[in-house]
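Analysis of the macromolecular model
In case you want the letters, here they are:
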Amino acid sequence: QVQLVESGGGLVQAGGSLRLSCGASGRTFSGYVVAWFRQAPGKEREFVARITWSSAITYYADSSKGRFTISRDNAKNTVYLQMNSLKPEDTAVYYCAARSVGATQYFYWGHGTQVTVSS
């Protein structure tokens, strides 16, 4: 059983930065793909970025490219999402999710962390 815990959300002004963290308990992220999703009020959940743990290969949604960076820390078994140049439209609950490399759906989810960007 993998439990994911997000942290690092908060209130920031437009143009500011936040770094979100996703830690796992129960096992390491080895052999997994870890992703960030977000869901704004009244909108569907959308993909933000993902990283394959073993290779550190990353992939971003178009809305995240150039502003967000996903990374991992092997020693801390933690995935980060560095968010720069934040915009009010980035306001959402951000979720960490994980799946095994061969899976098509994300099986493990965190409870989310709120990010609010004021204009």
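Everything discussed here concerns the structure shown above.
Procedures and definitions
- Residues numbered from 1 in each chain as written.
- Predicted model: local features only at pLDDT ≥ 70, side-chain atom pairs only at ≥ 80, totals over all residues.
- Heavy atoms only, no water.
- Helix = DSSP H or I, 4+ residues; strand = E, 2+ residues; numbered from the N terminus.
- Buried < 20%, exposed > 50% of the residue type's maximum accessible area, 1.4 Å probe, protein only.
- Pairing = 2+ DSSP bridges.
- Disulfide = S-S within 2.5 Å.

Positionally, Ser 25 belongs in strand S3 (residues 18–25). Look at Ser 25 and you get partly exposed, because its relative accessible area is 32%. With 64 residues separating them along the chain, Ser 25 and Glu 89 place their C-alpha atoms 31 Å apart.

Counted residue by residue, strand S8 (residues 78–83) has five buried out of six residues, so it is predominantly covered. Pairing analysis gives six bridges linking S3 to S8, with the strands arranged antiparallel. Bridge pairing in S8 places Gly 23 opposite Thr 78. Across six bridges, the pairing between strand S7 (residues 68–73) and S8 is antiparallel. Note that in S8 the partner of Asp 73 across the bridge is Thr 78. Between the antiparallel neighbours S7 and S8 lie four residues, among them Asn 77 with a positive phi of about 50°.

Turning next to the state of the cysteines. Enumeration according to the criterion identifies one disulfide in this entry. With its sulfur 1.9 Å from that of its partner, Cys 22 forms a disulfide with Cys 96. One disulfide, between Cys 22 and Cys 96, carries an S-S torsion of -70° and so falls in the left-handed class. Separated by 74 residues along the polypeptide, Cys 22 in strand S3 and Cys 96 in strand S9 (residues 92–100) bring together distant segments of the chain. The burial state of Cys 22 is the same as that of Cys 96; both residues are buried.

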